[in-house]
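As a plain string of letters, each chain reads:
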Amino acid sequence: MIATPIGNLEDMTLRGLRLLREVDVIACEDTRHTQRLLDHFAIATPCLSYHEHNEAARAGQLVERIESGQSVAVVSDAGTPLISDPGYRVVQAALERGITVIPVPGASAVLAALAGSGLPTDAFCFGGFLPPKQGQRRKALAAWGEVEATLIFYEAPHRILETLADVAAVLGERRIVLARELTKLHEEFLRGRVSEVVTALSQRATQKGEMTLLISREKAVAVVQAPVAEAVRELVAGGMERMEAIKKVARDRGLAKREVYAALER
Ligand code: SAM
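In what follows, the accompanying structure is described.

About the thresholds
Residues numbered from 1 in each chain as written. Predicted model: local features only at pLDDT ≥ 70, side-chain atom pairs only at ≥ 80, totals over all residues. Heavy atoms only, no water. Helix = DSSP H or I, 4+ residues; strand = E, 2+ residues; numbered from the N terminus. Rg over C-alpha atoms; globule rule 2.2 N^0.38 Å. Buried < 20%, exposed > 50% of the residue type's maximum accessible area, 1.4 Å probe, protein only. Contact = heavy atoms within 4.5 Å. Areas by Shrake-Rupley, 256 points an atom, 1.4 Å probe, with all protein chains shown as cover. Lys, Arg positive; Asp, Glu negative; His and termini not counted. Charge placed at Lys NZ, Arg CZ, Asp CG, Glu CD. Phe/Tyr/Trp six-rings, centres within 6.5 Å; stacked < 30°, edge-to-face > 60°. Near = heavy atom within 4 Å. Polar contact = N/O pair within 3.5 Å; in protein donor to acceptor, adjacent residues only side chain to side chain. Nonpolar A, V, L, I, M, F, W, Y, C, P; charged D, E, K, R; others polar. Arc of directions from axis to C-beta. Pairing = 2+ DSSP bridges. Right-handed = clockwise from strand over helix to strand, strands pointing away.

1. Quick look at the overall build of the protein
Right, on to step 1. If you tally the helices and strands in the protein, you get 11 helices and eight strands.
Right, on to step 2. Relative to its length of 266 residues, the protein is extended, with a C-alpha radius of gyration of 23 Å against a globular reference of 18 Å.
Right, on to step 3. Overall size of the protein, expressed as C-alpha extent along the three principal axes, is 80 × 40 × 30 Å.
Right, on to step 4. Across the 266 residues in the protein, those meeting the buried criterion constitute 43%.
Right, on to step 5. Within the protein, contacts between residues separated by at least 24 positions form 67% of all contacts whose residues are at least 6 apart in sequence.
Right, on to step 6. About 14,100 Å² of surface is accessible on the protein, with carbon and sulfur atoms providing 53% of the total.
Right, on to step 7. For the protein, the separation between the mean place of its 33 positive charges and that of its 34 negative charges on side chains is 4 Å.

2. Comments concerning the packing of aromatic side chains
Right, on to step 1. On inspection of all chains with the given rule, the structure shows three aromatic pairs.
Right, on to step 2. Here the aromatic rings of Phe126 and Tyr154 are separated by 4.9 Å at their centres, their planes lie at 65°, and the arrangement is edge-to-face. Taken together, the positions of Phe126 in strand β4 (residues 124–129) and Tyr154 in strand β5 (residues 150–155) put the pair 28 residues apart, joining distant regions of the chain.
Right, on to step 3. According to the relative accessible area criterion, Tyr154 is buried, its value standing at 10%.
Right, on to step 4. Taken together, the ring pairs connect Phe126, Phe129 and Tyr154 into an aromatic cluster.

3. Let's talk about the site of the ligand
Right, on to step 1. With respect to spatial proximity, 19 residues lie near the ligand, and among them Asp85, Ser108, Ala109, Tyr154 and Met211 are the closest.
Right, on to step 2. At a separation of 2.8 Å, a nitrogen atom of the ligand approaches a polar backbone atom of Ile83.
Right, on to step 3. Between the ligand and Met211 there is a distance of 2.5 Å, counted from an oxygen atom to a backbone nitrogen or oxygen.
Right, on to step 4. Listing elements by their share of the shell around the ligand, those giving two or more residues are β5 and β8 (211–215).
Right, on to step 5. The residue inventory of the shell around the ligand, partitioned by class, reads nine nonpolar, five polar and five charged.

4. Some thoughts on unusual backbone geometry
Right, on to step 1. Phi is positive for Ala42, close to 50°, though the residue is something other than glycine.
Right, on to step 2. Positionally, Ala42 belongs in the loop between α2 (31–40) and β2 (47–49).
Right, on to step 3. In the Ramachandran plot, Glu181 falls in the positive-phi region, its phi being about 50° despite a non-glycine side chain.
Right, on to step 4. Examined against the element boundaries, Glu181 turns out to sit in the loop between β6 (175–180) and β7 (188–193).
Right, on to step 5. On the basis of relative accessibility, which here comes to 14%, the residue Glu181 falls in the buried class.

5. Re helix α9 (residues 228–237)
Right, on to step 1. Along α9, the residues that are buried comprise Val228, Ala229, Ala231 and Val232. Here the buried residues of α9 occupy an arc of 165° about the axis, which is enough to place them on one side. Residues of α9 that are exposed and point over 90 degrees away from its buried face: Glu234 and Ala237.
Right, on to step 2. Immediately downstream of α9, the backbone of Gly239 shows phi near 110°, a positive value.

6. Notes on the pairing of β5
Right, on to step 1. For β5, the buried fraction is high: six of the six residues fall into the buried class.
Right, on to step 2. Of the two faces of β5, both are covered, the one formed by Thr150, Ile152 and Tyr154 as well as the one formed by Leu151, Phe153 and Glu155.
Right, on to step 3. Note: β4 against β5, four bridges, orientation parallel. The partner of Phe129 across the bridge, within β5, is Tyr154.
Right, on to step 4. After leaving β4, the chain enters helix α6 (residues 134–144) and then returns to the sheet as β5, a path that is right-handed.
Right, on to step 5. Relative to β8, β5 runs antiparallel, the two being bridged by five bridges. In the strand pairing of β8, Leu151 is matched with Ile215.

7. Remarks on the side chain of Ser117
Right, on to step 1. In this fold, Ser117 is placed in helix α5 (residues 109–117).
Right, on to step 2. At 3.0 Å, the side chain of Ser117 and the backbone nitrogen of Leu119 are in polar contact.
Right, on to step 3. Other than its neighbours up to four places away in sequence, Ser117 contacts Val177, Phe189, Arg191 and Leu214.

By themselves, these figures tell us nothing about what the structure is for.
And the structure:
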């Protein structure tokens, strides 16, 4: 299982290169895509396709090749195979037959995004891709929101704005980081509350590039909450200074104080 770069070809490891040269065959998601990587490094090892549509059938064939004495490398289009990519079935099939599986680590968007995010790294939870349909996505977000960890998801650019709307609706104004085009020329980290990142993205004509979304660990705030103004009034009724109450509600909900004032004036 050999990791390949997620953009910058310099991220290909020396060990990965050596093994790609030495194995008998490379199983790859898209042979044309991997061929470009191999050409760049002048590697002549033959490729065969192994992707989500032929994964089950191919896993058996790859295992047979190994049992006949060949060595097989598995790569995906980019990053670490198996991470939101095919590979799991061949690992499973190989292990069932007593074949040694060797991971050759390297680039993976999830870890690169986390490393540059500035969000806590002591506990993080990778959820792969969220469901494409809104209902299921909101349900998934509600469940992930209970997890006491930095949450990390892969997302397609054409869905990012709807996903962020769901994050705001289900989890509230949490701090998020959108890591775009990691390791590439236009690498970018957009950091802020959900609405701030949405505002920044909305100013762009289109959403482009590869994206990894990170959501900070905070208490779920949005769904079961009283409206902002009511929350302030409740605290004041309980004896808290108005200013203190505004500050507290802003802090608890990840809002700017001016947003709380605006809610009070509505
Ligand atoms: N196996 C890969 C890995 O280890 O990162 C991930 C494969 S998954 C099919 C592709 C998704 O990963 C993209 O849609 C995007 O969400 C994320 N991704 C891949 N490359 C990225 C990059 N350079 N910058 C940000 N996100 C990236």
